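# Report on the structure
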Amino acid sequence: MSEILCQWLNQEVKLSRTVSPKTFAKTFCSGYLIGEVLHKFELQDDFSQFSESRISSAKLNNFSRLEPTLHLLGVQFDQNVAQSIITEKPGAATKLLYQLYIALQKKKKSGLTEVEMQAIQPLTNVKLQNMKSEAFRDQRLGRRRQNEIMAKIQAAIIQIPKPASNRTLKALEAQKMMKKKKEAEDVANEIKKFEALIKKDLQAKESVSKTSLDTAGQTTTDLLNTYSDDDYIKKIQKRLEEDAFAREQREKRRRRLLMDQLIAHEAQEEAYREEQLINRLMRQSQQERRIAVQLMHVRHEKEVLWQNRIFREKQYEERRLKDFQDALDREAALAKQAKIDFEEQAFREKEVHEKIAVERAQARYKKHYSICAEILDHILDLSTKVADYRMLTNNLIPYKMMHDWKELFFHGKPIYEQASIKHLSAKPSAEQLIELEKRDLLDNNDYEEYKNVVGEWALPEEMVDNLPPSNNSILGHVLHRLLEKSLPPPIEPPVSELPPFAIKGCLLGKTFSGKTTILKSLQKDLSIQILSIDTLVQEAIRAFHDDEKVSEDLPIHQEAEESALPVLQDNKKEENQLTVRAQLGAKSEKLLKKGKSIPDMLLVSIMVNAIHQVPVDQGWILDGFPMTLNQAKLLEEALTGYNKDQVELEAKRTQISTLAVDPTTSKEIPTPPSAFDFVMLLDISDASALNRINDIMAEAISQEIPHEAISQRVAAENQNMDENQTLRDQIQHRIIGFLDNWPLLEQWLSESENVLIKVNAEVDKESLSQKIKEIFMAEIMKKKNKVKEKLEEKEAEKKEASLTEPPPPPPPPPPEPEKEKEIPAHREPAKGKPQSESSHGKQESLHEGKGKKSETSLKRKGSPKGKSQGGKVAAKKSPAGSADTSPAPILPPAPRPGSEERVYVNEPIPEEIPSFLIPYWKLIESSYINTIKRVLRHLREDQHFVLSYLYEVRTSFQQFLRRPDHKQDFVAQWQADFNSLPEDLWDDEETKAELHQRVNDLRDRLWDICDARKEEAEQERVDIINENWLQDSLGITMNHFFSLMQAELNRFQDTKQLLQDYYRGMECKIPTDNNKGFTRVPLVQLDSKDISENQLRIPLVSRISISLDTVMSKPKTKAILKGKIDYSLENIELNFEADEKLVVDTWQQASLAISHMVAAEIHQRLMEEENQPADPKEKSPQTGVNKKVKKEPKKKMTDKNTKGKSPPLAELSPVMVTAEEMAEMEKKKELGLKIKEEHLAALQFEEIATQFRLELIKTKALTFLEDRVTKVVDVYKLMEKWLGERYLNEMASVEKLTEVARYHIETSTKIQNELYLSQEDFFINGNIKVYPDPPPPTRPPPVEKEENGTLTIEQLDNLRNQFLDMAPKGLIGNKAFTDILLDLVTLNLGTNILPSNWMHLTLPDLQELTSLLIINSEFVDWRKFLLVTSGPWPMPLEEELLETLQRFKDVDEEQLGTVTLEQYMQAGLWFTGDEDIKIPENPLEPLPFNRQEHLLEFFFRLFADYGKDPPQLDYLQMLLYFACHPDSVEGVYRALSVATGTHVFQQAETPSLIVEKTSSSTNMCPIEESPELEENVREDREIKEEREEKEEEIPEYVNTEKISMETLLRVFRGGNEAQDLNRFASYFKIENIYSENFIKIFQDLGAKNLEPIEVAILLKHPFIQDLISNYPDYKIPDIKIILQRNEHVQGSDGERSPSRLTEEKK
């Protein structure tokens, strides 16, 4: 319908704007074009006032002017229709225009104008118009009368002078107020009266209209009766009575007019009465007149106001309705647009989120990929390194190397060296730093193995019984006490007596995971406090703005809070009056105003302050806090006072010693309880979070707002849009921040806290709330159970302490019970083993018998767990003067030093002692560790160097064995001489004997070369052995092990000095200087230079003298030299024994030095005691101690009681001594004895440990040297093995050569292939011949043979040349053609111009052959004849012809239509000459003839124009020849396809044509019994089937290409040039007939100027169809039938004549 309307509007009406169905509603929404339509039909005279604008006022104007016209036409139009058109409601404008179209068509048929249409409107409309005009007239008369009355009133108004005004302002104001009140009351009263009068007037008018007629008659009668007494009147009355009858008829006619006059008279009377009333009112007092005038004036104003108000209210109502409708439409449009915008925004947000997710996934993938790539590189490095060292070590990689590589691999370090670190600069490069880290890692691993006696330093079998020493607890205690003196005492965190009952937790999750909603519902059900960091920050800032002050009654609590929050320490003095929350709010606001984020420390402070405000018995839950790992750590530290990193750092700082550890301080500090009882995660996906925010925004958009708040809604919507946009921007960042921070926070909560609970939040609100509530109640029950268990444990501990508490001792010695009470309390947690101790030797004692003093039995029999638990307590309780503490009256036997029961001597030491002993111990430890690491590093690097050296020795010796020899020269010369022998001497016996002798000479010469090479290899091996590399390597290795011994010796000497200084300082003695100096372990001298200066520092030992002294006959043999004794390796054995003796001697020297130092220290102690003054008070105790000390150096001393007991009391001397002095002297003696015992025990422990490590070093050194010598000797033996095997292989190769030579001598044959003898290999090289082979015979050229009557290429060329000479253009007469063939058959016998079976053709056969080739009954195309006779060749398909044409066009760049021979061969045809030709094995036999390759060239010669240079080929004309087909119709269509360049589909044929074709095809077979004819019939059937399939597959729109007249004439031979002879004039006439017919066809089909037309249209023409069905030029004749029939006739004795066959054929 819209298309019909558009056609009517655009074509018939011809609007100023084109109307389309798509923009129909938008075009007519303004109403302008509707008015233009009406104006075109002369129905809208005011069209000039229409507006094309699209604003609302213009649209309203247009539709208001259209409404009466549309109503006049009877078109349904109202406000709703107009609103639908304005809002572009679909279908509204179309419906209105359709009704208008129907109405205008009716008007057009009737031919009515606007005036005539108004005239033929219904009568009711006319009456309505008349009533409207009368009402308007009455209204106008009433207004005129009212105006006259008001004019009279104004004229009658008397101006009354106003009274004098009061002088005061207050009086004036009061009068004004009174006046206004009075006027208001009067107006209100007058309005009421006016309304009452209006009602009365309406009633009066109704009654007057009824009685007006009666009153008029009565009045006339009264007037007549009044003057009836008069005579004149009587006469008149009489006359009137007489004439009454005459006037009666006239009066009836005028009665109507009289009625009108009476009505007018009544109106005049009414006016008169009003005038009278006014006059009466005017006669009253002036005040009454003034009031009356005012009342009339007010009455008039009220009436005017009332009318105006009614009119305005009506307008307002209309405007309100219109505005309301506009608002509704606008709201609907805005809501629709907002919905679209919201959906687009949500889609964009999802895209952004997906993009961010993809970027995060890509970043994660890149990170993982880089990690995997790095790991893969390390794996490859490790694999290549292992492969390299497998080659170096013969697949026997040392365990230590593999272990080091694995350590580097597990630590992510590169295996190969990145840079050299021999010469480091001030700022090393990154590669050098990596190499330093690798070196440090391997050094630390080697040191740990050495220290813990594992791995390479594991105990050998002979030392299994001697387990490694345990930790020296006495030395550890000494170091710990020195460190305590130098460091401030640690502050222990306070421990609460009663654990809190309130639950503590936090709820975490992504944004919009439901945290706040769930917590609000949980707060309603349970009495818990919800703390949100956002709310707390806002409250803190609000408290700062409100100047929240500290209350005076809680100053202590405020100070405690400020001290707990480190953020407020700086501003405490400035903001002392503000509360903590206000101060935190001030800091937060200051940062936020600067645009900075609030740091974690400040957020944690705000949160902790809020937590402190929560009552103790009330639980609290944090909403979405902490969000990062740093916030979690800070919050835990603020709530619990525990920082794990700080505690570990403090422990490392206090524990300075790794060589000796105090077991009393090795206990771990118990980890305080977690800051949270539970941490709950609401797990939700990112997509769910985005969907929730979209739902929230959609709900906010869909909320309804009242129409009165439309103006406010715009601002609210803008604000909501800003908030939503901010929320959308934040949601991405929040999700990303959560995803970045949560993995670290989850790991920390899972490992250290283990309070994490994950909840799936992607469920509805009710089920999630229920689940959270159940988990919360379960956590509350767990907390209650834990608190109850802790309380029960504390009560049980109190009961046990009260039961195990000993009775109170007597008052004089009070410190003893306290000591006994505190010792068990600290013993149990201190049983943990120190971290630096190894896993070996912690529970068994050490047994060392050789070279030890008797003091070692003390330590051997004691327990290694000598960790005194009272040391720390005693250190804390010891005051400045220890004389105040007195021992208990009854003491048990004193425990040994270092045991668990032993209490260390913690006497005060001078303050300067720790200041120099602690740095001294650090120096001892660092020097010891660095020396050990350096020596182990050198040993590790030497191992790599040794392996590389041994590999180089093996490879270099192998290369030496494979050095080139000149044996091949002699062999080649012998072979040349052998082959040069004349052939007539091969069978001579003397010649053979001479040749055998030459072979023997060659063999002897080659053996001599082998012997000489063997001697040279043996000399090379001896030179390698005598290089003394092994001696130098062993010397360097021994020096490394001697350096280890020196490091252990230095550690012992330094430790002895430290213990001596410490205990002498405790005894208040001056430390002694060591004048003897440190003991030095001698090193091996590696060269013979004079180094007298160095001998003062490190003593050197010469190895040459050692090896000379050890040269003696020894009955025992080592395991190094097994089997046959090699005298070249005997010197290695002797040197190795000398090195073993040197290592043992050095170890004995170091061990004796340590024993002498211990003995010297004990002797020094004895000398000091003897040098003390012999007081009678101390004589007896001193003698007891001296006796005891003298007994200690004896071996195997087992007396325990004498050491543990205190010395006996001496007898009382005559000197009088008080009891207090005696007690003090006894105490000093006991203290001195304890110090000496502790000092000697520590020294003996160090002695045992050092002796053990020295023995371990000695054992490992001997094993290392033996392994080194074994590897080298194995290499030397392997070299000897290679030498022997190679010599034997070379001798065997010479023997093989001799055998081959003797075989050829005996068989008398030459040796053509080269005899190759090099090194140990001999073979006959088949790739090299010493004399060439005889040349092969040449192969004859291929020759084509006659097969089945097929013309050869040579015969075809001969026929082409003959025909070309006679008819260059290609057409020849049929008689001439027959004569030529007949001459060739009869006169040229033996010339091989035609095949043999052609020679038997008769004249009728040739005439029949010519008839098959005739064109238009007169001419023969000899090119077509040669094309047919050149077969067989592949019949092209139509697609192949088109592809070939396209290739020719591509080659023909100038588009000339011709190609040269080169271009022709480049393009090619649908077949190629590359056939599978089998090459005959016989070289004398020719190759098969490639007929197809020669056919390609023949076709060019056949169709090319040789009149041009170079010859040119018209490829389109050639392809038209190849378009021929056994079916003539199919051939024509193939020719059309070639001519147009596209596929032309064949038209559907009629059944009659098909029947004709089948009948003709059946008549074409004269001999049915021939098999080839049957094949032809079968081919015809196949062609028909293919044609039917093609017809079925023809698409709907085919043959749309166009064909020109020239192309059509070319297809139907209409475009050829002039023919050969003038006798072909009849053919020209035929061509002219085709041309004329084609011109007529083109003109009939609409091509007046013969422009190209479509093929489909052309094929529908009956002439073309008839021409295609009868055109024979594109049919391939079957000439094989004639040849086969001729052979058949000859074989059947001529039963059938050729003439009859010709007739049947016709």
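Let me begin by describing the structure that accompanies this report. (Residues numbered from 1 in each chain as written. Predicted model: local features only at pLDDT ≥ 70, side-chain atom pairs only at ≥ 80, totals over all residues. Heavy atoms only, no water.)

## What to know about the overall build of the chain
Looking only at helices and strands, the chain has 54 helices and 17 strands in total. Taking all 1706 residues of the chain together, the buried fraction comes to 38%. Excluding contacts between residues fewer than 6 apart, the proportion of contacts in the chain whose partners are at least 24 apart in sequence is 78%. As presented, the chain carries roughly 103000 Å² of accessible surface, and 54% of it is formed by carbon and sulfur atoms. (Helix = DSSP H or I, 4+ residues; strand = E, 2+ residues; numbered from the N terminus. Buried < 20%, exposed > 50% of the residue type's maximum accessible area, 1.4 Å probe, protein only. Contact = heavy atoms within 4.5 Å. Areas by Shrake-Rupley, 256 points an atom, 1.4 Å probe, with all protein chains shown as cover.)

## Details of the packing of aromatic side chains
The geometry of two aromatic rings is summed up by the distance between their centres and the angle between their planes. Here the structure, examined in full by the defined rule, presents 38 aromatic pairs. With centroids separated by 5.4 Å and ring planes inclined at 10 degrees, the aromatic side chains of Phe-1448 and Tyr-1515 adopt a geometry described as stacked. Residue Phe-1448 is found in helix H42 (residues 1438-1451), and its partner Tyr-1515 is found in helix H45 (residues 1515-1522); the two are separated by 67 residues along the sequence. The residues Phe-1448 and Tyr-1515 share a single accessibility class, namely buried. The interplanar angle of 55 degrees and the centroid separation of 5.8 Å between the aromatic rings of Phe-1612 and Phe-1638 together place this pair among those described as tilted. Separated by 26 residues along the polypeptide, Phe-1612 in the loop between helix H49 (1605-1611) and helix H50 (1625-1644) and Phe-1638 in helix H50 bring together distant segments of the chain. Both residues of the pair, Phe-1612 and Phe-1638, count as buried. An aromatic cluster of three or more residues is present, and its members are Trp-1433, Trp-1470, Phe-1471, Phe-1498, Phe-1499, Phe-1503, Tyr-1521 and Phe-1522. Between the NZ or CZ atom of Arg-963 and the centre of the ring of Phe-960, over which it lies, the distance is 4.2 Å. It is Arg-1051 that lies over the ring of Tyr-928; its NZ or CZ is 5.0 Å from the centre. (Phe/Tyr/Trp six-rings, centres within 6.5 Å; stacked < 30°, edge-to-face > 60°. Lys NZ or Arg CZ within 6 Å of the ring centre and 35° of its normal.)

## Quick notes on the pairing of strand S9 (residues 1321-1329)
Pairing of strand S8 (residues 1313-1318) with S9 involves six bridges; the strand directions are antiparallel. Along S9, the bridge assignment pairs Leu-1315 with Ile-1324. Counting the residues that bridge the hairpin from S8 to S9 gives two residues, and of these Gln-1319 lies at a positive phi of roughly 55 degrees. (Pairing = 2+ DSSP bridges.)

## Focus: the packing of helix H13 (residues 430-452) against helix H28 (residues 912-961)
Direction vectors running N to C along H13 and H28 enclose 105 degrees, while the axes themselves pass 9 Å from each other. Comparing their axes, H28 and H13 come out roughly perpendicular. For the pair H13 and H28, the contacting residues are Arg-439, Leu-442, Asp-443, Asn-444, Asp-446, Tyr-447 and Tyr-450 in the first and Tyr-928, Ile-929, Ile-932, Lys-933, Leu-936, Arg-937 and Arg-940 in the second. A per-class count over the contact of H13 with H28 returns seven nonpolar, one polar and six charged. (Axes fitted to C-alpha atoms, helices over the stretch in contact; angles between N-to-C directions. Parallel < 35°, antiparallel > 145°, perpendicular 65-115°, else oblique. Nonpolar A, V, L, I, M, F, W, Y, C, P; charged D, E, K, R; others polar.)

## Some remarks on helix H4 (residues 56-73)
Compared with an ideal rise of 1.5 Å per residue, which puts 18 residues at 26 Å, H4 spans 26 Å between its outermost C-alpha atoms and is within 8% of the ideal. The largest bend along H4 measures about 30 degrees and falls at Glu-67, with the proline Pro-68 one to four residues further on. If you check which residues of H4 are buried, you get Ala-58, Lys-59, Asn-62, Phe-63, Leu-66, Thr-69, Leu-70, Leu-72 and Leu-73. Directly after H4, the chain includes Gly-74, whose backbone phi takes a positive value near 85 degrees. (Expected span 1.5 Å × (residues − 1). Bend = angle between axes of the 7 residues up to and from the residue.)

## Comments concerning the sheet that holds strand S14 (residues 1504-1505)
Read from one edge to the other, the open sheet built from three strands follows the order S13-S15-S14, with strand pairing classed as antiparallel. The sheet terminates laterally at strand S13 (1458-1459) and S14, the two strands that pair on one side only. Summarising the sheet, S14 and strand S15 (residues 1512-1514) pair through two bridges and their orientation is antiparallel. Pairing of Ala-1504 across the sheet is with Leu-1513, part of S15. The strands that H45 touches are S13 and S15; relative to S15, the one it contacts most, it runs at about 50 degrees.

## Quick word on the environment of Asn-1358
Structurally, Asn-1358 can be placed in helix H38 (residues 1353-1366). When the C-alpha positions of Asn-1358 and Leu-1394 are compared, they lie 9.5 Å apart, and in sequence the two are 36 residues distant.

## Looking at a negative patch on the surface
On the surface, Glu-789, Glu-792, Glu-793, Glu-795, Glu-797 and Glu-800 cluster together to form a negatively charged patch. Structurally, Glu-795 is set in helix H24 (residues 765-804). (Patch = residues over 30% accessible without salt bridge, like charges linked within 9 Å, V, L, I, M, F, W, Y side chains within 5 Å. Salt bridge = Lys/Arg side-chain N within 4 Å of Asp/Glu carboxyl O. Lys, Arg positive; Asp, Glu negative; His and termini not counted. Charge placed at Lys NZ, Arg CZ, Asp CG, Glu CD.)

## Brief notes about the packing of helix H16 (residues 533-545) against helix H18 (residues 580-593)
Orientation of H16 relative to H18, taken along the N-to-C sense of each, is 100 degrees, at an axis distance of 7 Å. Between H16 and H18, the crossing angle belongs to the class labelled roughly perpendicular. For the pair H16 and H18, the contacting residues are Glu-539, Ala-540, Ile-541, Ala-543, Phe-544 and His-545 in the first and Arg-581, Ala-582, Gly-585, Ala-586, Ser-588, Glu-589 and Leu-592 in the second. Counted by class, the contact of H16 with H18 contains seven nonpolar, three polar and three charged residues.

## What about a positive patch on the surface?
Together, Lys-786, Lys-790, Lys-794 and Lys-798 give the surface a local cluster of positive charge. Turning to its location among the elements, Lys-798 is positioned in helix H24. You can call Lys-798 exposed: its relative accessible area is 62%.

## Some thoughts on unusual backbone geometry
Excluding glycine, most residues fall at negative phi; most peptide bonds, likewise, are trans. The linkage connecting Phe-625 with the following residue, Pro-626, adopts the cis geometry, with an omega of 5 degrees. Positive phi, normally seen in glycine, also occurs at Gln-1319, with a value near 55 degrees. For Gln-1319, the position within the fold is in the loop between S8 and S9. Overall, Gln-1319 belongs to the buried group, its relative accessible area being 11%.

## Side note on H45
With eight of its eight residues buried, H45 lies for the most part within the structure. Looking at H45, one finds that the buried residues are Tyr-1515, Leu-1516, Gln-1517, Met-1518, Leu-1519, Leu-1520, Tyr-1521 and Phe-1522.

## Describing the sheet that holds strand S3 (residues 619-623)
Reading across from one edge, S2-S3-S1-S4-S5 is the order of the five strands in this open sheet, with parallel pairing throughout. The sheet is open, and its two borders are formed by strand S2 (528-532) and strand S5 (756-760), each paired with just one other strand. When the angles between neighbouring strand axes are averaged without regard to direction, this sheet yields 20 degrees. In terms of strand pairing, strand S1 (residues 504-509) meets S3 through four bridges, oriented parallel. Along S3, the bridge assignment pairs Leu-507 with Asp-623. Each of S1, S2, S3 and strand S4 (678-683) is contacted by helix H15 (residues 515-525), which is oriented at about 165 degrees to S3, the strand it contacts most.

## Observations concerning the pattern of salt bridges
For side chains bearing opposite charge, pairing can occur when the charged atoms are close. Evaluation of the coordinates by the stated rule reveals 33 salt bridges. A salt bridge links Asp-443 to Arg-940; the shortest N-O distance between them is 3.0 Å. Taken together, the positions of Asp-443 in helix H13 and Arg-940 in helix H28 put the pair 497 residues apart, joining distant regions of the chain. Classification of Arg-940 as buried rests on a relative accessible area of 7%. If you follow the salt bridges from partner to partner, you end up with Lys-400, Asp-404, Asp-443, Asp-446, Arg-937 and Arg-940 in one network.

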